[in-house]
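Here's the letter readout for the chains.
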Amino acid sequence: HTNPKITKITSPTANGLYGISADILIDVTFSEPMDVTGSPLLTLSTDSNPNGTAIYNSLPDSKTLRFKYTIVEPHYSYDLSVLSVALNGGTIKDVAGNTANLNLPAAPDSLDASQDLKVDGRRPAGTIQIEDSITNNDPEFTKYIARRSRNQNGRRKRAGISGSIALRTLCPDR
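Residues numbered from 1 in each chain as written. Predicted model: local features only at pLDDT ≥ 70, side-chain atom pairs only at ≥ 80, totals over all residues. Heavy atoms only, no water.

### Some thoughts on the sheet that holds strand β5 (residues 41-45)
Then step 1. The six strands lie next to each other as β1-β3-β7-β6-β5-β9, forming an open sheet whose pairing is antiparallel. Of all the strands in the sheet, the pair left with one neighbour each is β1 (6-10) and β9 (81-86). Within the sheet, the average angular offset between the axes of one strand and its neighbour, ignoring direction, is 30°.
Then step 2. Across seven bridges, strand β3 (residues 23-30) lies against strand β7 (residues 64-70) in antiparallel orientation. (Pairing = 2+ DSSP bridges. Helix = DSSP H or I, 4+ residues; strand = E, 2+ residues; numbered from the N terminus. Axes fitted to C-alpha atoms, helices over the stretch in contact; angles between N-to-C directions.)

### Section: unusual backbone geometry
Then step 1. Omega for the bond connecting Asn 49 with Pro 50 falls within 30 degrees of zero, at 0°, which places this linkage in the cis form.
Then step 2. One can find Pro 50 in the loop between β5 and β6 (52-61).
Then step 3. Of the consecutive residues Glu 73 and Pro 74, the connecting peptide bond is found in the cis state with omega at 5°.
Then step 4. The phi dihedral of Asp 47 is positive, around 50°, even though this residue is not glycine.

Take it as geometry only, folks, not as evidence of what the structure does.
Spelled out as structure tokens, the structure:
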């Protein structure tokens, strides 16, 4: 009897871009029904140090192990992929007690080949640019303040300027 092996890695999570605190479910399917003890882990390529970790979550069917990955800062990936499966003190065996071969499948059965899951756990960063058309040194500004600083009876009143600033974050690669 040969040891069971991973046949494909997919996700029931819809393709798309996911941010901080979002959960992505990852299904690892084996060649035969499996028994799991402990809390196996998946190491995910998240272009950051340390890489992401998905934790064993459930057994949706006898051949499929489901893992849950919660995105944290600063993880990001343009095409989420699984780097390895770790037993983490547990076991993954078939019903006959044979230990599973945890080598990952190649495309088209790998997560990055079968799905389009993007992770962005980076906080927005950018610059704020404020442009004003009238400054304190501008003669038009002085005339405007002089006109506005008197009420209808010609008495001086408190002058002020108000306005708003529109902010836009500029996040590269989005």
